[in-house]
Amino acid sequence: MARIRTTVDGLVYEDDVEPRMLLVQYLRERLGKTGTVIGCDTSNCGACTVHLDGLSVKSCSVLAVQANGSEVLTVEGLERDGQLHPVQQAFHDNHALQCGYCTPGMIMQSIDLLGDNPDPTEQEVREGIEGNLCRCTGYQNIVRAVQDAAQKMKPGASASQPATSSVAGGGA
Amino acid sequence: MIPASFDYVRPTSVAEAVQALADGGDDAKILAGGQSFIPVLRLRMGDPSLVVDLGGIAELRGVREEGDKIVVGAMTTHHDVTRDDLLNQHVKLISEATKTVADFQVRHRGTLGGALAHADPAGDLAAPTLALDAEFVIAGPDGERTVASADFFEDYFTTAIGPQEILTAIRFPKYTGWGARYEKFNRVAQAWSIVAVAATVKVEGGTITDARIGLTNMAGTPVRARGVESALVGQTMSEETVRAAAQAAAEGTSPTSDADAGSDYREHLAKVLTGRAVLAAAG
């Protein structure tokens, strides 16, 4: 067993974990954060994407012990005061999901992308989410949602979110 | 699947890591960025007794200039490689190839040293290091040694790194002002290369004065396309010249046949992609 201390969605947790425990297992089974899902379990699909110290990662390909001392942001840490994050809202507004299973990872990767490139072209969005598979939508509305969110998150736009802190990947 | 149990240590210096590997015996394995190794553990294709995590060793990260060389710490992530000004300026080929590795999430975690030590024949970073005549700095119980890229890749997933050794850095000569292109052929986004070509060329006054070309997935190890290089050097740059020289790209290769491509198709791809890569690098 190894002792780890992490900040997840703004709260500090301390736990003893087996070294073999994956970060996604830790989030789901220890912390109950089942918003982060396991899709393929082979590092392909990106459904388990979270932010680790401000960068998107596939949490099935990180050991929980590797997150010791780090900040983790999951899809459950995005909303503020009952308001969805602009990217979450854009996914809703643009019907950017059908079964919804890829959505948590898509949203986390899209936020990472927009933090890096606040005004991506359609091609840049497609490349930015290439590590996330969706088997329902054909990606059209996902790409639209990301571009819609980008517009609403521009300085001076009317989104009522403290978007910049989340975009930077801060845990809270 | 959940990996089998293992012990875990996270040393904070290369010396400690070398000691941990020695203490761990034959079943100890090194964890770098984990983007190949953790899937291997999850699929239970590997069952180490001890995992030595290099993630806590600050001296293994970062890019620096040392005289006429650019030195990249083995634990520098792909993400950091693609954004590094020294590499973009002096070793553009490695920056270009690294941009094509997997996807953003994997590039945030995966490391240059880890990818090279893993030595997957379809991996994208071995061919550029071969083309660039990189040197591999390896630390072990007897101290540090340096291996040339031509001697580093021995076979499928097999390198010159000994069981008690750690790859600590990759040293690149400077190719300042050279054009570079990594031309990759795969079926879908984030898939492994079926074939890829790493090309960097120096063009002066319309003449190709130097050329380095490495091939990905045309054998168990990366292959240097020396026939193409010698056919290019001294020639006036033109599409015709490049396409003609590229016909030598499959010489000395031994590509595999698998579900993605037969060996003859891989040979065809090597020629076509070499032409494209050199033209883009020279453009």
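Residues numbered from 1 in each chain as written. Chains lettered and ligands numbered in written order. Predicted model: local features only at pLDDT ≥ 70, side-chain atom pairs only at ≥ 80, totals over all residues. Heavy atoms only, no water.

Enquirer: Summarise the overall build of chain A; cite the residues concerned and give the values.
Expert: Across its full length, chain A holds 6 helices and 5 strands. For a compact globule of 172 residues, the expected C-alpha radius of gyration is about 16 Å, and chain A comes in at 15 Å, within 12% of that figure. Projected onto its principal axes, the C-alpha positions of chain A cover 45 × 30 × 25 Å. Per-residue burial over chain A gives 55% buried out of 172 residues. For chain A, the share of sequence-separated contacts (at least 6 apart) that also reach a separation of at least 24 residues comes to 61%. Looking at chain A as shown, the accessible area adds up to about 7200 Å², and 47% of this sits on carbon and sulfur atoms. Averaging the coordinates of the 13 positive side-chain charges in chain A and doing the same for the 21 negative ones gives two points 3 Å apart. (Helix = DSSP H or I, 4+ residues; strand = E, 2+ residues; numbered from the N terminus. Rg over C-alpha atoms; globule rule 2.2 N^0.38 Å. Buried < 20%, exposed > 50% of the residue type's maximum accessible area, 1.4 Å probe, protein only. Contact = heavy atoms within 4.5 Å. Areas by Shrake-Rupley, 256 points an atom, 1.4 Å probe, with all protein chains shown as cover. Lys, Arg positive; Asp, Glu negative; His and termini not counted. Charge placed at Lys NZ, Arg CZ, Asp CG, Glu CD.)

Enquirer: Hey, could you go over the interface of chain A and chain B for me, with residue numbers and the actual values?
Expert: Contacts between chain A and chain B engage 31 residues on the former and 29 residues on the latter. Around 2500 Å² of area is buried between chain A and chain B when both sides are counted, 51% of it from carbon and sulfur atoms. In terms of surface lost to chain B, no three residues of chain A exceed R20, Q66 and E130 of chain A, which account for 27% of the buried area on that side. In this structure, the connection of chain A to chain B is made through 2 salt bridges. Taking the shortest distance from any N to any O, the salt bridge between R83 of chain B and D116 of chain A comes out at 2.6 Å. (Buried area = accessible area lost by both parts, 1.4 Å probe. Salt bridge = Lys/Arg side-chain N within 4 Å of Asp/Glu carboxyl O.)

Enquirer: Would you mind going over the domain arrangement of chain B in detail, with residue names and values included?
Expert: Where the parts come together, the accessible area they lose is often given as the size of the interface. Residue and element names in this part refer to chain B. Along its sequence, chain B is carved into domain 1 (7-53), domain 2 (60-173) and domain 3 (179-282). Between the C-alpha centres of domain 2 and domain 3 the distance comes to 20 Å. Counting residues at the interface gives 24 residues for domain 2, matched by 24 residues for domain 3. Summed over both sides, the interface of domain 2 with domain 3 buries roughly 1900 Å², with 62% coming from carbon and sulfur. Between D133 and R224 there is a salt bridge, with the nearest N and O atoms lying 3.4 Å from each other. One can count 7 residue pairs in polar contact (both at pLDDT 80 or more) joining domain 2 with domain 3. The set of elements that each furnish at least two residues to the side of domain 2 that touches domain 3 consists of α5 (92-99), α8 (126-131) and β8 (153-155). At 5 residues, α8 tops the list of elements feeding residues into the side of domain 2 that touches domain 3. Among the residues forming the side of domain 2 that touches domain 3, the class breakdown is 14 nonpolar, 2 polar and 8 charged. (Domains from an automatic or database assignment. Polar contact = N/O pair within 3.5 Å; in protein donor to acceptor, adjacent residues only side chain to side chain. Nonpolar A, V, L, I, M, F, W, Y, C, P; charged D, E, K, R; others polar.)

Enquirer: Can you explain the confidence of the model for chain A? Please cite residues and give values.
Expert: Averaged over chain A, the pLDDT score is 92; the fraction of residues at 70 or greater is 91%. Long-range and interchain partners of residues 159-172 of chain A, a stretch whose pLDDT sits below 50, account for 37 contacts in this model, where long-range means more than four residues apart. (pLDDT = per-residue confidence, 0-100.)

Enquirer: Lay out the sheet that holds strand β12 (residues 195-204) of chain B with the relevant residues and their values.
Expert: Residue and element names in this part refer to chain B. Read across the sheet, 4 strands follow the order β11-β12-β13-β14 without closing on themselves; strand pairing throughout is antiparallel. Pairing within the sheet leaves two strands with one partner each, and these edge strands are β11 (179-185) and β14 (223-224). Of the strands in this sheet, β11 and β12 are in contact with α5, which crosses β11 at around 25°. (Pairing = 2+ DSSP bridges. Axes fitted to C-alpha atoms, helices over the stretch in contact; angles between N-to-C directions.)

Enquirer: Account for the packing of helix α3 (residues 103-116) of chain A against helix α5 (residues 140-152) of chain A, naming residues and giving values.
Expert: Residues and elements named next belong to chain A. At a minimum axis distance of 11 Å, the contact between α3 and α5 shows a crossing angle of 45°. Here α5 runs oblique to α3, going by the angle between their axes. Where α3 crosses over α5, the handedness of that crossing is right-handed. Contact residues: M106, S110, L113 and L114 in α3; I142, V146, A149 and A150 in α5. Residues that form the contact of α3 with α5 fall into these classes: 7 nonpolar, 1 polar and no charged. (Parallel < 35°, antiparallel > 145°, perpendicular 65-115°, else oblique. Left-handed = near helix turned anticlockwise from the far one by under 90°.)

Enquirer: Explain the sheet that holds strand β2 (residues 11-17) of chain A to me, and be specific about the residues and the numbers.
Expert: All names here are of chain A. In spatial order, the strands read β2-β1-β5-β3-β4; together these 5 strands make up an open sheet with mixed pairing. A single partner strand is all that each edge strand has here, and the edge strands are β2 and β4 (55-58). Strand-to-strand, the axes of this sheet are offset by a mean angle of 40°, without reference to chain direction. The sheet contact formed by strand β3 (residues 49-52) and strand β5 (residues 71-73) spans 2 bridges and is antiparallel. Directly across from L52, in β5, lies its bridge partner V72. Contacts from helix α1 (residues 23-30) reach β1 (2-8), β2, β3 and β5 within the one sheet, and its direction differs from that of β2 by about 105°.

Enquirer: So, the UniProt feature "domain: [2Fe-2S]-binding" (unreviewed entry) in chain A: which residues are in play, and what are the values?
Expert: As annotated in UniProt, the feature "domain: [2Fe-2S]-binding" (unreviewed entry) corresponds to residues 74-147 of chain A in the numbering used here. Secondary structure across residues 74-147 of chain A comprises 50% helix and 0% strand; the distance between its end C-alpha atoms is 21 Å. (UniProt positions renumbered as here; feature names shortened; annotations may be inferred.)

Enquirer: I'd like a description of the pairing of strand β4 (residues 63-66) of chain B, backed by residues and values.
Expert: Residues and elements named next belong to chain B. Pairing between β4 and strand β5 (residues 69-73): 4 bridges, direction antiparallel. Looking across to β5, one finds that R64 is bridged to V71. Taken together, β4 and the strand that follows it, β5, pair antiparallel across an intervening segment of 2 residues, in which G67 is found at a positive phi of about 60°.

Enquirer: Can you explain the pattern of salt bridges? Please cite residues and give values.
Expert: Residues and elements named next belong to chain B. Under the definition given, this model contains 28 salt bridges over all chains. Two residues, R64 and E66, come together in a salt bridge whose shortest N-O distance is 2.9 Å. Notably, a salt bridge pairs E183 with R181, separated by 2.8 Å at the nearest N-O pair. Where salt bridges share partners, they join D133, D210, R212, R224 and E229 into one cluster.

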